[in-house]
Amino acid sequence: AGMFAYIGEEYAICFGDMNAYTTDEFDIFTNAGLNVANHGLFGDFDTWTNFDKTTTWGTKVLDNIITTSNISIQNVICDRQDLSDHNMLIAELSIN
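Conventions used here
Residues numbered from 1 in each chain as written. Predicted model: local features only at pLDDT ≥ 70, side-chain atom pairs only at ≥ 80, totals over all residues. Heavy atoms only, no water. Helix = DSSP H or I, 4+ residues; strand = E, 2+ residues; numbered from the N terminus. Contact = heavy atoms within 4.5 Å. Pairing = 2+ DSSP bridges. Patch = residues over 30% accessible without salt bridge, like charges linked within 9 Å, V, L, I, M, F, W, Y side chains within 5 Å. Areas by Shrake-Rupley, 256 points an atom, 1.4 Å probe, with all protein chains shown as cover. Salt bridge = Lys/Arg side-chain N within 4 Å of Asp/Glu carboxyl O. Buried < 20%, exposed > 50% of the residue type's maximum accessible area, 1.4 Å probe, protein only.

(A) Region of the structure containing the side chain of Asn64. The topology assignment puts Asn64 in strand S3 (residues 63-67). Discounting residues that sit within four places of it in the chain, Asn64 has contacts with Cys14, Phe15, Gly16, Met18, Phe26, Val36, Ala37, Asn38 and Leu89.

Below is the structure:
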């Protein structure tokens, strides 16, 4: 939530590799009234391809798209490709 505090803009979108080890790490954003694409209304998306590596954590919801409350998330998909160690997270947004 702090990343939006200093922007000072009415509308803001933040996206990228959040290195989240559990979905609980996104609670700080939802508790602050922000919208999250991954682990939000449309569910959880495994964005780490991991290339057959194992992990000790239960989810691999690494990447996210976070918006201010005046930008609603209409749809989210995860494009699964072997081009990177991350699958592309795509969100359809609507400015309210």
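Still more to cover.
(B) Region of the structure containing the sheet that holds strand S1 (residues 13-17). With antiparallel pairing, the three strands of this open sheet are ordered in space as S1-S3-S2. Two strands lie at the open edges of the sheet, namely S1 and strand S2 (35-36), each paired on one side alone. Sheet topology note: the S2/S3 ladder contains two bridges and is antiparallel. Looking at S3, one finds that Val36 is bridged to Ile66.

(C) Representation of a nonpolar patch on the surface within the structure. Taken together, the side chains of Ile13, Phe15 and Leu93 present a nonpolar region at the surface, about 300 Å² in accessible area. In this fold, Leu93 is placed in strand S5 (residues 88-95). The exposure class assigned to Leu93 is partly exposed, which follows from its relative accessible area of 32%.

(D) Molecular detail of unusual backbone geometry. At His39, a position not held by glycine, the phi torsion is positive, near 70°. Residue His39 is classed as partly exposed on the basis of its relative accessible area, which comes to 27%.

(E) Molecular detail of the environment of Ile77. Within the fold, Ile77 resides in strand S4 (residues 71-79). Ile77 sits in the partly exposed class, given a relative accessible area of 42%. Residues Ile77 and Phe42, 35 residues apart in the sequence, show an inter-C-alpha distance of 8.7 Å. Look past the residues within four positions of Ile77 in its chain and what remains in contact with it is Phe45, Met88, Leu89 and Ile90.

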